Amino acid sequence: MTYSFELGPIRPPSEAYSLLIRVTMNCPWNRCKFCPTYKGEKFQLRSVENIKQDIKTAKSIQDKIKELSWKSGYGGRVKEIAASVFNNPPNEAFRNVALWLYTGGESAFLQDANSLIMRTNELAEVIRFLRETLPSIKRVTSYGRSKTAAKKKPEELTELYEAGLSRLHIGLESGYDPLLQYMDKGATAAEHIKGGRNIVESGISLCEYVILGLGGKEMWREHAIETARVLNEIDPDFIRVRTLAVHNKMPLYNEIENGNFIQATDEEIVEEEKLFIEHLECHSNYVSDHITNLLQEIEGKLPQEKEKMLASIDRFQSLPPEEKTNFRVGRRVGIYSHLDDLYDLCKHQAVEQAIQQLGQGNNQINEEAIHTLMGRFIV
Ligand code: SF4
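No experiment lies behind these values; they were computed from the predicted model shown.

Asks: Please explain the environment of Ile199 as it appears in this structure.
Replies: Note that Ile199 resides in helix α8 (residues 189–202). Accessibility expressed as a relative area gives 0% for Ile199, which makes it buried. The spacing of Ile199 and Pro154 is 45 residues in sequence and 8.0 Å in space, taken between C-alpha atoms. When sequence neighbours within four positions are dropped, the list of residues in contact with Ile199 reads Ala149, Leu157, Leu168, Ile170, Ile204, Ser205 and Leu206.

Asks: Which parts of the structure should I look at to understand the pattern of salt bridges?
Replies: Per the stated rule, a full pass over the model turns up 26 salt bridges. In this structure, Glu67 and Lys71 form a salt bridge, with 3.1 Å as the shortest nitrogen-oxygen distance. On the criterion of helical spacing, the pair formed by Glu67 and Lys71 is a turn pair, its members being four residues apart in helix α1 (residues 48–71). The residue Asp341 makes a salt bridge to Lys347 at a minimum N-O spacing of 3.7 Å. A residue is classified by how much of its surface remains accessible, and Asp341, at 13% relative accessible area, is buried. Linked by salt bridges that have partners in common, Asp266, Arg328, Arg332 and Glu367 make up one network.

Asks: When you look at the packing of helix α13 (residues 321–332) against helix α15 (residues 367–375) in this model, what are you seeing that I'm missing?
Replies: Packed helices, taken two at a time, are described by the angle between their axes plus the distance between the axes. Where α13 meets α15, the closest approach of the two axes is 9 Å, and the angle between their N-to-C directions is 25 degrees. By the criterion of interaxial angle, the relationship of α13 to α15 is roughly parallel. Mapping the contact onto sequence places Arg328, Val329 and Arg332 in α13 and Glu367, Ile370, Leu373 and Met374 in α15.

Asks: Please clarify how the pairing of strand β8 (residues 238–243) should be interpreted in this entry.
Replies: Each regular strand shows side chains that alternate between the opposite faces of the sheet. Among the six residues that make up β8, five are buried, leaving the element largely enclosed by the rest of the structure. Across six bridges, the pairing between strand β7 (residues 205–212) and β8 is parallel. From the neighbouring strand, Ile211 faces β8, where its bridge partner is Arg242. Of the strand pairs in this sheet, β8 and strand β9 (residues 285–287) are connected by three bridges, and their pairing is parallel.

Asks: How do you make sense of the site of the ligand when you look at a structure like this?
Replies: The environment of the ligand is made up of Cys27, Asn30, Arg31, Cys32, Phe34, Cys35, Tyr38, Lys39, Ala113, Arg145 and Lys185. In the shell around the ligand, the residues fall into six nonpolar, one polar and four charged.

Asks: Explain the side chain of Asp341 here, please?
Replies: You can see Asp341 is positioned in the loop between α13 and α14 (345–358). Among all residues touching Asp341, those that are not within four sequence positions of it are Tyr336 and Lys347.

Asks: What am I meant to see in the sheet that holds strand β1 (residues 19–22) here?
Replies: Two strands in a sheet stick together by hydrogen bonds in their backbones, pointing the same way (parallel) or opposite ways (antiparallel). Taken together, eight strands build an open sheet; the order of strands is β1-β4-β5-β6-β7-β8-β9-β10 and the sheet is mixed. Bordering the open sheet on either side are β1 and β10 (300–301), each of which pairs with just one other strand. Where β9 and β10 come together, two bridges link them in antiparallel fashion. The partner of Tyr286 across the bridge, within β10, is Gly300.

Asks: Can you help me understand unusual backbone geometry in this one?
Replies: Phi is mostly negative for residues that are not glycine, and the peptide bonds are mostly trans. Residue Asp112 is reached from Gln111 by a cis peptide bond, and omega for that bond is 0 degrees. In this structure, Pro303 follows Leu302 across a cis peptide bond, with omega equal to 0 degrees. Tracing the backbone through its elements, the reader meets Pro303 in the loop between β10 and α12 (306–317). Phi is positive for Asn30, close to 60 degrees, though the residue is something other than glycine. Relative to the helices and strands, Asn30 is located in the loop between β2 (24–25) and β3 (44–45).

Asks: When you look at the nonpolar core in this model, what are you seeing that I'm missing?
Replies: A general feature of soluble globular proteins is that nonpolar side chains tend to end up buried together. Leu19, Leu130, Ile239, Phe276 and Tyr286 are the most contacted members of the largest nonpolar core, which totals 86 residues. Non-local contacts of Phe276, meaning those with residues more than four positions away in its chain, are made with Val210, Leu212, Ala224, Thr227, Ala228, Leu231, Ile239, Val241 and Tyr286. With 14 residues, the next largest nonpolar core counts Leu214, Met219, Val246 and Phe261 among its residues.

Asks: When you look at α12 in this model, what are you seeing that I'm missing?
Replies: Spacing of three or four residues puts side chains on the same side of an α-helix, whose turn is 3.6 residues. Helix length check: α12, at twelve residues, gives a terminal C-alpha distance of 17 Å against a target of 16 Å (1.5 Å per residue), a fit within 8%. For α12, every residue scored as buried is listed here: Lys306, Met309, Leu310, Ser312, Ile313 and Phe316. All buried residues of α12 fall inside an arc of 145 degrees around its axis, so they share one side. Tucked inside the fold, the buried residues of α12 contact α11 (266–279), β9, β10 and α13.

Asks: I tried to follow α1 on my own but got confused; where do I start?
Replies: With 24 residues, α1 should cover 34 Å at 1.5 Å per step; its first-to-last C-alpha distance of 34 Å lies within 8% of that length. Along its buried surface, α1 packs onto β1, α2 (79–87), α3 (92–102) and α4 (120–133). Gly73 lies just past α1 and shows a positive phi near 85 degrees.

Conventions used here
Residues numbered from 1 in each chain as written. Predicted model: local features only at pLDDT ≥ 70, side-chain atom pairs only at ≥ 80, totals over all residues. Heavy atoms only, no water. Helix = DSSP H or I, 4+ residues; strand = E, 2+ residues; numbered from the N terminus. Buried < 20%, exposed > 50% of the residue type's maximum accessible area, 1.4 Å probe, protein only. Contact = heavy atoms within 4.5 Å. Salt bridge = Lys/Arg side-chain N within 4 Å of Asp/Glu carboxyl O. Axes fitted to C-alpha atoms, helices over the stretch in contact; angles between N-to-C directions. Parallel < 35°, antiparallel > 145°, perpendicular 65-115°, else oblique. Pairing = 2+ DSSP bridges. Near = heavy atom within 4 Å. Nonpolar A, V, L, I, M, F, W, Y, C, P; charged D, E, K, R; others polar. Core = buried A, V, L, I, M, F, W, Y, C linked by side-chain atoms within 4.5 Å. Expected span 1.5 Å × (residues − 1). Arc of directions from axis to C-beta.

Remember, this is a structural readout, not a statement about activity or role.
As structure tokens, then:
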């Protein structure tokens, strides 16, 4: 037996410790201008039999780690052995199972971009098999597309919920139709709403992703207001924001090179986020857990923590210009995580040095330098 199984390239930040089970390969749409992840890769469904085999292999690796624990005198406790396997794994499947076991073995994430595209009865069968084979799993989540969720009958999503699908992560990106069309998202605002409502009504928890800055300099205002409107109608459990970062594997890169799309600055995106939050009237948890976000402290439960979130924006906007620059560079070179870091003298000086280097000694940085730094954060 080969102790290995299929692994896809990404999972949401919140699924960093999940067991990864690849139920489909790549993205069936694969046209979004801002997304480099599966470009050049062909979408494939996988057979239920192959997926079940991967789940059995994950169990065999789990059993091997447990066996090693007994043999090493840890009495079946897996943490110590899982840590050592994680640091020196024979392959990536072992590393994934070791990390999953080390963190309690309670969650699994189904890859890749749109698991909902599987036949509902087959996906339900996979989820049931996963939970039966690895009963420590308490939460099963996956990515899905709004358009596919909009096409599913409500009873199909209920079937998935009853099979044990706990949460779907959906890339909403924007609620503004001209922007969705320009970015070739392959979903309209109305489809986002229908797909989102279908999921919420089935009982499956819903996390919607929004890209700050996606409207660039031209459509930022409509992007903020219309995205809030669509989310208010969906009322998902989570809204997760990321900030547009561009590199040359994205079709959007060429649009920028050709002058068809002009990226917004950090300060403009903060203004956009302010407008976005002001227009949100839903009951979601707002999460900023992505490295591309300038202000990661903007988090909270809506509506009760809206003022607190807006206060963080106000705090940034009230900084003197040189401190704004210092904070932006500090975030983009990975020295700062929160606004309070501005008061850490060592970090502040390290950022000043970074500014000198980026500005070639004249203490000025241009937007292009910031955008280039951000491009490093994404695959
Ligand atoms: S954003 Fe999602 S739907 Fe669009 S190409 Fe990327 S993976 Fe596919």
